[in-house]
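Residues per chain, in single letters:
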Amino acid sequence: MAVLVHGGFWRARYGLELQHALAADLVARGWTVWNVEYRRLGDGGGWLETYYDVRAAISALPVDADRVVAIGHSAGGQLAVRAAADVPLTGVVSQAGALDLYELWRRETSDGVVEQFLGGSPESVPDVFAAASPHPPDVPLLLVHGALDEDVPVAVSRDFGGGELVVIEDEGHMEHLDPTSRCWRAVIEWL
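Structural notes, computed from the coordinates. Source: prediction; values computed, not measured. (Residues numbered from 1 in each chain as written. Predicted model: local features only at pLDDT ≥ 70, side-chain atom pairs only at ≥ 80, totals over all residues. Heavy atoms only, no water.)

In this section: the side chain of His-6. Its location among the elements puts His-6 in the loop between strand 1 (2-5) and helix 1 (20-28). Looking at His-6, the relative accessible area reads 0%, which means it is buried. If we skip the residues at most four places from it in the chain, His-6 touches Tyr-14, Gly-15, Leu-16, Leu-18, Gln-19, Val-36, Glu-37, Tyr-38, Arg-40, His-73, Ala-75 and Gly-76. (Helix = DSSP H or I, 4+ residues; strand = E, 2+ residues; numbered from the N terminus. Buried < 20%, exposed > 50% of the residue type's maximum accessible area, 1.4 Å probe, protein only. Contact = heavy atoms within 4.5 Å.)

Written as structure tokens, this is what we have:
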């Protein structure tokens, strides 16, 4: 079973429709897919609400499965990898995951979205930054990142400190959502 967690920097204007093509590709390959939604910034979300939604969705899988892999893109990568600490997963895939909240905050990525999501800076809410920051899980982890990514720099995955890293030299951030991309092929090969 694959659990898809979409990105969009935790903002309300981006939803699970971002993952529809990947869901269809996985279903065609024989996977059962759970494409989850969560409350986002501008729609009742933020840390902890957003995380609780993802954790609850994974915990409420509608089928029994021996293998459950969470696949998260961008902000969904942060949520999927973080969820591996709290819910039973057998693997996690981070597609250009927002895995270093401190670095993305420092860069003021996407108009300071990390500070909006966490409700403050590392100085004002250090416990929140610590709680929301994902760490290498105790299950197999694949980090796929396009070297041309301008939204989440490839260094975020390179510096994460765990998992198997695959860098696709000629792709960027949004290619992860295209089932014909080399980024997605790396995920399929790992699964």
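Burial within helix 3 (residues 75-83) is extensive, with 9 of its 9 residues counted as buried. When helix 3 is considered as a whole, its buried residues turn out to be Ala-75, Gly-76, Gly-77, Gln-78, Leu-79, Ala-80, Val-81, Arg-82 and Ala-83.

Moving on to the environment of Ser-110. Tracing the backbone shows Ser-110 in helix 5 (residues 109-118). Overall, the relative accessible area of 26% leaves Ser-110 in the partly exposed class. Sequence separation between Ser-110 and Val-152 is 42 residues, and the spatial gap between their C-alpha atoms is 9.6 Å. When residues no more than four places from it in sequence are discounted, the contact partners of Ser-110 are Phe-9 and Arg-11.

So, about the packing of aromatic side chains. Tallied over the full model, the rule gives 5 aromatic pairs. Judged by centre distance (4.3 Å) and plane angle (5°), the rings of Trp-10 and Phe-117 are stacked. Residue Trp-10 is located in the loop between strand 1 and helix 1, and its partner Phe-117 is located in helix 5; the two are separated by 107 residues in the primary sequence. The exposure class of Phe-117 is buried, given its relative accessible area of 1%. (Phe/Tyr/Trp six-rings, centres within 6.5 Å; stacked < 30°, edge-to-face > 60°.)

Right, let's get into the layout of surface pockets. Of the volumes computed, that of the largest pocket is approximately 180 Å³. Forming the boundary of the largest pocket are 13 residues, of which Gly-8, Phe-9, Tyr-14, His-173 and Met-174 lie nearest the centre. The class makeup of the residues in the lining of the largest pocket is 5 nonpolar, 5 polar and 3 charged. (1 Å grid on protein atoms, 1.4 Å probe; cavity = no way out; pocket = protein on both sides within 12 Å on 5 of 7 lines; lining within 4 Å. Points joined across faces, edges and corners; volume = space filled by probe spheres on them. Nonpolar A, V, L, I, M, F, W, Y, C, P; charged D, E, K, R; others polar.)

Turning to the pairing of strand 2 (residues 33-36), a few remarks are in order. Of the strand pairs in this sheet, strand 1 and strand 2 are connected by 4 bridges, and their pairing is parallel. Of the residues in strand 2, the one forming a bridge with Ala-2 is Val-33. Following the backbone out of strand 1, through helix 1 and into the adjacent parallel strand 2, one traces a crossover that is right-handed. (Pairing = 2+ DSSP bridges. Right-handed = clockwise from strand over helix to strand, strands pointing away.)

On to unusual backbone geometry. Note that the residue after Trp-47, namely Leu-48, is joined by a cis bond; omega there is 20°. Within the secondary structure, Leu-48 is located in the loop between strand 2 and helix 2 (49-59). One non-glycine residue, Phe-9, adopts positive backbone phi at about 50°. Mapped onto the elements, Phe-9 comes out in the loop between strand 1 and helix 1. Residue classification places Phe-9 among the buried residues on the basis of a relative accessible area of 8%. One non-glycine residue, Trp-10, adopts positive backbone phi at about 60°. Accessibility expressed as a relative area gives 0% for Trp-10, which makes it buried.

With that settled, the discussion passes to helix 5. Along helix 5, the residues that are buried comprise Thr-109, Val-113, Val-114, Phe-117 and Leu-118. The buried residues of helix 5 occupy an angular sector of 100° when the element is viewed end-on, so they sit on one face. Packed against the buried residues of helix 5 are helix 2, helix 3, helix 4 (101-106) and helix 6 (126-132). At the C-terminal side of helix 5, Gly-119 shows a positive phi close to 80°. (Arc of directions from axis to C-beta.)

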